[in-house]
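Chain residues, written in single-letter form:
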Amino acid sequence: MSSTLFTSKLLWGPELEARNNQIVEIADGLIVSVRPGSQEEADHILPSGQVLMPGMVDCHSHLALDARLPGHLGLMEDSEAKQTIRALKVLQDNLRAGITGLRSVGDRYYLDVLLRDMIEQGSLEGPWLQVAGIGMKGLHGHGYVGKSFSGKEEFRRQARENMFHKTDWLKIFITAGAPPANGHVNCFLTREEVRTVVEEASSCGLKTSAHCIGGQGLRYCTEEGIDVLDHCYWVTQEDIELIIRHGTTVCFTPGVFMDDTRLPLCPPSHVQSVLRTRDEVKRRLSALVAAKPKFVIGSDAYHTYLSKDIEYMVELGMQRKEALKGITVYAGELMGKNIGVLQEGYEADLIAVSANPLTEPGALADPAFVMRKGVVVRS
Ligand SMILES: [Zn+2]
């Protein structure tokens with residue numbers, strides 16, 4: 001199946017270079033060429049003024065956790081059927097919002113694996129997924145979507161069970177979600193437990209991701225070779241140097257602390273910690289941004305609102321173009337997939353937005369056109 005698309009402007013290649021009056025040829029879900037051309041040659045013409053770009057990738061999500069719902073954390077105790085139905089809606093909503101890929105870092109019942117495979121096989125429409133199966137946390141630790149384990153052999157067993165179910169990632173939860181009042185960040189896993197998970201993952205070619213805000217947990221994860229540190233709200237200058245030295249990827253999720261619309265949907269204790277520590281979290285995240293680590297960006301289950309995180313990253317001092325790469329180019333590199341770039345040879349996951357996202361704040365919200373693997377899902 002092939003098609004041609006005309007656009008008056010697109011963002012080409014890994015540097016998101018603006019090019020005018022282009023034809024994009026698509027065959028079997030892949031971009032086969034991008035070249036100058038005219039409307040007459042195209043099957044589909046995007047209205048003048050719209051900008052075509054790679055689909056967005058939410059690099060930190062959970063399919064059955066929907067942070068748009070009041071009391072969403074409690075809903076993680078729902079039945080498998082309810083959670084699966086919720087995840088189906090989440091996938092549809094994301095796709096229509098131009099999020100053509102998601103990295104889901106912890107769900108129950110292996111529903112993430114099932115949905116990934118159904119989408120892959122074409123029996124379900126949705127963004128492509130990379131998934132982590134059961135997130136692993138300490139018996140006394142944090143993580144609403146995780147399950148509890150204690151001792152390295154328990155972590156090993158669950159790591160292997162995840163891999164038996166063919167997850168793409170292994171995910172651990174090593175610290176709390178928000179900084180503590182006394183300033184000490186508890187660490188809920190031992191160094192040995194972290195090392196065991198990393199060992200198991202690397203022996204089967206999987207990557208590892210850790211929910212981690214800072215403290216001893218951050219040092220364990222970085223030194224033991226965890227691939228992605230999620231959140232990093234409470235990093236110190238020393239932590240930042242460690243992250244840079246080890247080349248660890250940071251997954252920024254700024255909206256959790258910076259988006260006021262999320263607060264009424266969260267428990268009062270969480271709201272209090274966010275309000276108490278927000279300024280300091282922003283200061284620390286800005287210092288991390290300034291150090292230029294390898295990074296990607298995620299909404300942490302605030303489905304469809306990933307574009308807001310771009311604005312928060314800009315507020316934290318990141319260049320707008322760099323932030324855009326964090327949900328496209330760098331996401332593709334992290335997942336090891338040919339996605340996130342509008343260029344020959346990449347998957348035809350494309351969106352068209354109403355203004356140039358390299359210069360216009362808010363341009364990414366509500367794209368007018370969404371294509372997933374060469375199929376138009378919104379226009
Ligand atoms: Zn999360």
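Details of the structure are given in the entry above.
Because the structure is predicted, anything quoted here is derived from the model rather than measured. (Residues numbered from 1 in each chain as written. Predicted model: local features only at pLDDT ≥ 70, side-chain atom pairs only at ≥ 80, totals over all residues. Heavy atoms only, no water.)

Peer 1: Can you help me understand the overall build of the protein chain in this one?
Peer 2: Scanning the protein chain from terminus to terminus reveals 11 helices and 18 strands. Relative to the globule expectation of 21 Å for 379 residues, the C-alpha radius of gyration of the protein chain, 20 Å, shows essentially globular dimensions. On the principal axes, the C-alpha backbone points of the protein chain span a range of 65 × 40 × 40 Å. The buried share of the protein chain, taken over its 379 residues, is 59%. Roughly 14,800 Å² of accessible area belongs to the protein chain as shown, and the carbon and sulfur atoms make up 51% of that amount. Once the 40 positive and 48 negative side-chain charges of the protein chain are each reduced to a mean point, those two points are 3 Å apart. (Helix = DSSP H or I, 4+ residues; strand = E, 2+ residues; numbered from the N terminus. Rg over C-alpha atoms; globule rule 2.2 N^0.38 Å. Buried < 20%, exposed > 50% of the residue type's maximum accessible area, 1.4 Å probe, protein only. Areas by Shrake-Rupley, 256 points an atom, 1.4 Å probe, with all protein chains shown as cover. Lys, Arg positive; Asp, Glu negative; His and termini not counted. Charge placed at Lys NZ, Arg CZ, Asp CG, Glu CD.)

Peer 1: So what exactly am I meant to see when it comes to the pattern of salt bridges here?
Peer 2: Pairs can form between side chains of opposite charge once their charged atoms are near each other. For the coordinates displayed, the defined rule picks out 31 salt bridges. For Arg68, the salt bridge is made with Asp93, and the minimal N-O distance between the two is 3.0 Å. Here Asp93 lies in helix H1 (residues 80–96) and Arg68 lies in the loop between strand S6 (56–61) and H1, a separation of 25 residues in the sequence. Residue classification places Arg68 among the partly exposed positions, given a relative accessible area of 22%. (Salt bridge = Lys/Arg side-chain N within 4 Å of Asp/Glu carboxyl O.)

Peer 1: Sorry, what's going on with the coordination of the zinc ion here?
Peer 2: Ideal geometry at a metal centre: 109.5 degrees between donors when four sit tetrahedrally, and 90 or 180 degrees when six sit octahedrally. Protein coordination at the zinc ion comes from His60 (NE2), His62 (NE2) and Asp300 (OD), with a distance range of 2.1 to 2.4 Å. Along the chain, the residues that donate to the zinc ion are spaced as H-x1-H-x237-D. Overall, His62 belongs to the buried group, its relative accessible area being 3%. (Donors = N, O, S within 2.8 Å, 3.2 Å for Na, K, Ca; no water.)

Peer 1: What is the right way to read the sheet that holds strand S13 (residues 228–231) from this model?
Peer 2: Within a sheet, neighbouring strands are paired by backbone hydrogen bonds and run either parallel or antiparallel to one another. On the basis of which strands lie adjacent, the open sheet formed by seven strands has the order S10-S9-S11-S12-S13-S14-S15 and parallel pairing. On the outer flanks of this sheet lie strand S10 (146–149) and strand S15 (295–297), each paired with one strand and no other. In this sheet, neighbouring strand axes are inclined to one another by 25° on average, regardless of whether the strands run parallel or antiparallel. Bridge count for S13 against strand S14 (residues 249–252) is three bridges, and the pairing is parallel. Considered in S14, the bridge of Val228 is made with Thr249. The sheet contacts of helix H3 (residues 152–164) involve strand S9 (135–138), S10 and strand S11 (169–173), and relative to S9 the element is tilted by about 170°. (Pairing = 2+ DSSP bridges. Axes fitted to C-alpha atoms, helices over the stretch in contact; angles between N-to-C directions. Contact = heavy atoms within 4.5 Å.)

Peer 1: Looking at this model, I keep getting lost on the side chain of Thr208. Mind explaining?
Peer 2: Within the fold, Thr208 resides in strand S12 (residues 207–212). Residue Thr208 is classed as buried on the basis of its relative accessible area, which comes to 2%. In contact with Thr208, not counting residues within four places along its chain, are Trp169, Leu170, Val197, Val198, Ala201, Gly225, Ile226, Asp227 and Val228.

Peer 1: Can you walk me through the packing of aromatic side chains in this structure?
Peer 2: Two descriptors summarise a pair of aromatic rings, namely the distance from one centre to the other and the angle between the planes of the rings. Throughout the structure, instances matching the rule amount to five aromatic pairs. Seen from their ring centres, Phe295 and Tyr330 are 5.3 Å apart, and the 80° between their planes marks the pair as edge-to-face. Taken as a pair, Phe295 in strand S15 and Tyr330 in helix H11 (residues 329–335) lie far apart in primary sequence, 35 residues in all. Grouped by ring-pair contacts, the aromatic residues Phe252, Phe295 and Tyr330 constitute a single cluster. Across the ring face of Trp234, the terminal group of Arg284 is positioned such that the distance to the ring centre comes to 3.9 Å. One cation-aromatic arrangement involves Lys308 over Tyr305; the distance from NZ or CZ to the ring centre is 5.2 Å. (Phe/Tyr/Trp six-rings, centres within 6.5 Å; stacked < 30°, edge-to-face > 60°. Lys NZ or Arg CZ within 6 Å of the ring centre and 35° of its normal.)

Peer 1: Is there a simple way to explain the environment of Met53 in this structure?
Peer 2: Tracing the backbone through its elements, the reader meets Met53 in strand S5 (residues 51–54). Measuring from C-alpha to C-alpha, the distance between Met53 and Arg96 comes to 15 Å, with 43 residues separating the pair along the chain. Non-local contacts of Met53, meaning those with residues more than four positions away in its chain, are made with Leu11, Leu324, Thr328, Leu342, Asp349, Leu350, Ile351, Val353, Pro357 and Leu364.

Peer 1: I'm lost on the side chain of Ser273 in this one. Help?
Peer 2: Residue position: Ser273 is located in helix H8 (residues 268–290). With relative accessibility at 12%, the residue Ser273 sits in the buried group. Filtering out sequence-adjacent residues up to four positions away, Ser273 remains in contact with Ala178, Pro179 and Phe257.

Peer 1: Got a minute to help me understand the pairing of strand S2 (residues 17–27) in this structure?
Peer 2: Two faces belong to every sheet, and in a regular strand the side chains alternate between them. Where strand S1 (residues 2–12) meets S2, 10 bridges bridge the pair, whose relative direction is antiparallel. Looking at S2, one finds that Phe6 is bridged to Ile23. As consecutive antiparallel partners, S1 and S2 are separated by four residues, and within that stretch Gly13 has a phi angle of approximately 70°, a positive value. Judged from the six bridges that link them, S2 and strand S3 (residues 30–36) form a sheet pairing that is antiparallel. Looking at the pairing, Ile23 lines up with Arg35 of S3. Between S2 and S3, which follow one another and run antiparallel, lie two residues, and Asp28 among them has a positive phi close to 50°.

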